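Structural features, examined
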2 protein chains.
Amino acid sequence: MTEPGPAPRRKRMPRAEREQQILAAAEEVFAERGFQATSMDEVSARVGVSKPMLYEYFVSKEGLLLACVARIRADLHTATLEAIAGAGPDGPRAVLEAGLEAYFDFADRHGRAWAVLLNESVIVAGPAEEAIEAIRGQQTLLIQSALSRWLPSASPERVAVFAHALIGAGERVARWRLREGAGIKPRESAALLADAFWPGFAVAAGLAPDIPAGPGPGPGVPAGLAPDAPAGQDSAKRA
Amino acid sequence: MTEPGPAPRRKRMPRAEREQQILAAAEEVFAERGFQATSMDEVSARVGVSKPMLYEYFVSKEGLLLACVARIRADLHTATLEAIAGAGPDGPRAVLEAGLEAYFDFADRHGRAWAVLLNESVIVAGPAEEAIEAIRGQQTLLIQSALSRWLPSASPERVAVFAHALIGAGERVARWRLREGAGIKPRESAALLADAFWPGFAVAAGLAPDIPAGPGPGPGVPAGLAPDAPAGQDSAKRA
DNA sequence: TTCCTTCCCTACTCTCAGTAGGCTACCGGC
DNA sequence: GCCGGTAGCCTACTGAGAGTAGGGAAGGAA
């Protein structure tokens, strides 16, 4: 009735181009529905191609997700790298802040796709988990190498903890911004987070004197949190 | 010898008890396989009960996951609360460190279940995402209330960023410990992470002088950030 | 034209979340 | 004891969607 013609055959297209098309559609659907609720049929329909194509090009649903993640991570990498390179001459604190700002900015621009692809939908278990962790691990390595430039004498553990802390903090704060802190601009957020990390970094780098373990009970005793358990003394020590 | 009897009929059992059994089995399977790869059939088989039971008690697969998450979160909450209450009299730094140590310790004791239930398997999108975020929010609230005791004059945004940063850092570092940093004890990890956060906190609380934005290019030129690394596919410091 | 590579499709299979509908063990009350 | 009645339980299905088998045609090279 609508289609007198026999075959609605698709237009042929070079592989690379079709791959990009598929990735774009997949990113959309993943962002809308999340990994779990995304069906390969819907992705293929949106591209205007049949399901076996997706499998031909990306092996599995997880493979498709992985490709999306890799792509968006690469973009993020570029954006951040540019930002910190630009801030390089202004010293470590500026680099820290610029990197964070670029990150938040990226998250803002990509909205839900960022959240799904980089943080949440993580499929878990199986090879995909490894792969995603690996992609993340590369950033960690880079941060570590950047850090160790200023912390030449710090132990590897200290550097690693710092790097992972920075990553985790960034992710969570970005997520919070997406959900509730909408009003706060990337720049302000970056400044706030940098305020939290910079002093610790400066101390570790020997740019500032160590800060003693503070006074006893501060302004208000943490009473609200039920000071009743047997005091587990001393938790301060260094590695 | 094994079972001459005819009917493999299950033993009857009060609802609450069966629920606990199911939760225990589910936690096991989720930890082994991840959410995605866990089948309700396997969980039910492991409990020794039929599938419709799971649905009767937990509504859906996500519901089952949610119940597991809620349970383990509650335990974590209790453990942390006790730890920081015990350290209360020793001042903020001790509280920070004690809380972190309790967290890492908890993660160690629960192994993969912790990772899957609290961080990874998150299904995303839909009500489950909300529910999981809500449970997490509880932890954030705990930290925020503890923080604001010492930062009475800080803006809410600053406190929120601090709290989320702390949570994100904790999660990420714990995950790293689980995967590679096996040798590092909870106590040392807590000390290292506290070293990263404490100075920033002390500055914000007015317990230490502000730390200026440091010198220009430090020990190593921050130019490019990675003069050597061919930056194939990693990301810079982003966060 | 003919061949052959690359791109693409229809039409399945199989696993698994979720459901319909019924049975039975146990706890009262008589 | 006997007789409901309810709470706990099960077998046997449906439907959706991931992944596959096996073939067809466009377009370039010879």
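Model, not experiment: these values are computed from the prediction.

Comments concerning the overall build of chain A
Scanning chain A for helices and strands turns up eight helices and zero strands. For chain A, the sequential pattern of α-helices and β-strands runs α-α-α-α-α-α-α-α. Within chain A, buried positions represent 50% of all 239 residues. Carbon and sulfur atoms form 55% of the exposed surface of chain A, whose accessible area is close to 10,400 Å².

Section: the side chain of R93 of chain B
Checked against the element boundaries, R93 of chain B lands in helix α5 (residues 92–119). A polar contact of 2.9 Å, which involves the side chain of R93 of chain B, links it to the side chain of D195 of chain B.

Comments concerning the environment of A115 of chain B
Among the secondary structure elements, A115 of chain B is positioned in helix α5. The spatial distance from the C-alpha of A115 of chain B to the C-alpha of A31 of chain B is 7.9 Å, given a sequence separation of 84 residues.

Some thoughts on the confidence of the model for chain A
In the predicted model, chain A carries a mean pLDDT of 81, and the fraction of residues at 70 or more is 80%. Confidence drops under a pLDDT of 50 for residues 218–239 of chain A, and excluding neighbours within four residues, the segment shows 46 contacts in the predicted structure.

As for the environment of L151 of chain B
Residues and elements named next belong to chain B. Mapped onto the elements of the fold, L151 is located in the loop between α6 (126–150) and α7 (156–179). For the pair L151 and A202, spaced 51 residues apart in the sequence, the C-alpha separation amounts to 9.3 Å. Beyond its immediate sequence surroundings of up to four residues, L151 is in contact with F201, A204 and A205.

Considering unusual backbone geometry
Residues and elements named next belong to chain A. Of note in this structure, V59 is not a glycine but carries a positive phi near 75 degrees. Tracing the chain through its elements places V59 in the loop between α3 (51–58) and α4 (61–87). Assessed through its relative accessible area of 66%, V59 is described here as exposed.

Some words on the packing of aromatic side chains
On inspection of all chains with the given rule, the structure shows 15 aromatic pairs over all chains. Here the aromatic rings of F30 of chain A and F35 of chain A are separated by 5.8 Å at their centres, their planes lie at 25 degrees, and the arrangement is stacked. In this structure F35 of chain A comes out as buried when scored by relative accessible area, which is 3%. With a centroid separation of 6.5 Å and 80 degrees between ring planes, the pair formed by W150 of chain B and F201 of chain B is classed as edge-to-face. Within this pair, whereas W150 of chain B is found in helix α6, its partner F201 of chain B is found in helix α8 (residues 186–204), the two being separated by 51 residues in sequence. With relative accessibility at 5%, the residue W150 of chain B sits in the buried group.

Details of the environment of A202 of chain A
Following the sequence through the fold, A202 of chain A ends up in helix α8 (residues 186–205). A relative accessible area of 0% means that A202 of chain A is categorised as buried. Each C-alpha atom, one on A202 of chain A and one on W150 of chain A, is 9.2 Å from the other, the two residues being 52 residues apart in sequence. Leaving out residues up to four positions away in the same chain, A202 of chain A has contacts with L207 and A208 of chain A together with I211 of chain B.

Considerations on the packing of helix α1 (residues 15–33) of chain A against helix α2 (residues 40–47) of chain A
When two helices pack together, you describe them by how their axes are tilted relative to each other and by the distance separating the axes. Residues and elements named next belong to chain A. Running from N to C, α1 and α2 cross one another at 130 degrees; their axes reach a closest spacing of 9 Å. The angle between the axes of α1 and α2 places the two elements in the oblique class. In this structure, α1 meets α2 at a crossing whose hand is right-handed. In this structure, α1 uses Q21, I22, A25, A26, E28, V29, E32 and R33 to contact α2, whose residues at the interface are E42, V43, R46 and V47.

Describing the pattern of salt bridges
All names here are of chain A. The tally for this structure, following the rule as stated, stands at 27 salt bridges over all chains. The partner of E27 in a salt bridge is R71, with the nearest N and O atoms 3.3 Å apart. One end of the pair, E27, is in helix α1; the other, R71, is in helix α4, and 44 residues separate them in sequence. We classify E27 as buried; its relative accessible area is 16%. For R187, the salt bridge goes to E101, with nearest N and O atoms at 3.8 Å.

Quick notes on helix α7 (residues 156–179) of chain A
Here α7 of chain A spans 35 Å end to end across 24 residues, near enough to the 34 Å set by a 1.5 Å rise per residue. Here α7 of chain A lies mainly inside the structure; 20 of its 24 residues are buried.

Quick notes on the packing of α7 of chain A against α7 of chain B
It is at 6 Å that the axes of α7 of chain A and α7 of chain B come closest, and there the two elements cross at 130 degrees. With respect to their mutual orientation, α7 of chain A and α7 of chain B come out oblique. The interaxial crossing formed by α7 of chain A with α7 of chain B has right-handed handedness. Note on element contacts: α7 of chain B touches α7 of chain A through A160, V161, H164, A165, I167, G168, A169, E171, R172, V173 and W176 of chain B, opposite A160, V161, H164, A165, I167, G168, A169, E171, R172, V173 and W176 of chain A. Among the residues making up the contact of α7 of chain A with α7 of chain B, the classes are represented as 14 nonpolar, four polar and four charged.

Definitions and limits used
- Residue numbers run consecutively from 1 along every chain, following the written order of its sequence.
- Chain letters and ligand numbers both follow the written order, the letters beginning at A and the numbers at 1.
- With the structure being a predicted model, the display of local features is reserved for residues of pLDDT at least 70 and the display and counting of side-chain atom pairs for 80 or more, all residues being used for whole-chain, interface and lining totals.
- Excluding hydrogens and water, the side-chain values take into account all heavy atoms of the structure.
- A run of DSSP states H or I qualifies as a helix once it reaches four residues; a run of E qualifies as a strand once it reaches two. Both are numbered from the N-terminal end.
- Only protein chains enter the accessibility calculation, which uses a 1.4 Å probe; a residue whose area is less than 20% of its type maximum is buried, one above 50% is exposed, and one in between is partly exposed.
- Only the protein chains shown count as cover for residues, and the accessible areas themselves come from Shrake-Rupley with a 1.4 Å probe.
- In the analysis that follows, any N or O atom pair within 3.5 Å is treated as a polar contact, provided that within protein one partner can donate a hydrogen and the other can accept it, and provided that, for residues neighboring in sequence, both atoms belong to side chains.
- Each residue carries a pLDDT score, the predictor's own confidence in it, on a scale running from 0 to 100.
- Contacts: residue pairs with any heavy atoms within 4.5 Å of one another.
- When the centres of two rings from Phe, Tyr and Trp lie within 6.5 Å, Trp using its six-membered ring, the rings pair. Their planes under 30 degrees apart give stacked, over 60 give edge-to-face, and anything left gives tilted.
- Only C-alpha atoms enter the line fits that serve as axes; for helices the fit covers just the stretch in contact. Angles between N-to-C directions range over 0 to 180 degrees.
- In this scheme, roughly parallel covers angles under 35 degrees and roughly antiparallel covers those over 145, while 65 to 115 is roughly perpendicular and the rest are oblique.
- Handedness of a helix crossing follows the sense of rotation of the near helix relative to the far helix, less than a right angle counterclockwise being left-handed and clockwise being right-handed.
- Any carboxyl oxygen of Asp or Glu that lies within 4 Å of a side-chain nitrogen of Lys or Arg is treated as forming a salt bridge with it.
- By definition here, a helix of n residues has an expected span of 1.5 Å times n minus one.
- Polar here means any residue outside two lists: the nonpolar Ala, Val, Leu, Ile, Met, Phe, Trp, Tyr, Cys and Pro, and the charged Asp, Glu, Lys and Arg; Gly therefore counts as polar.

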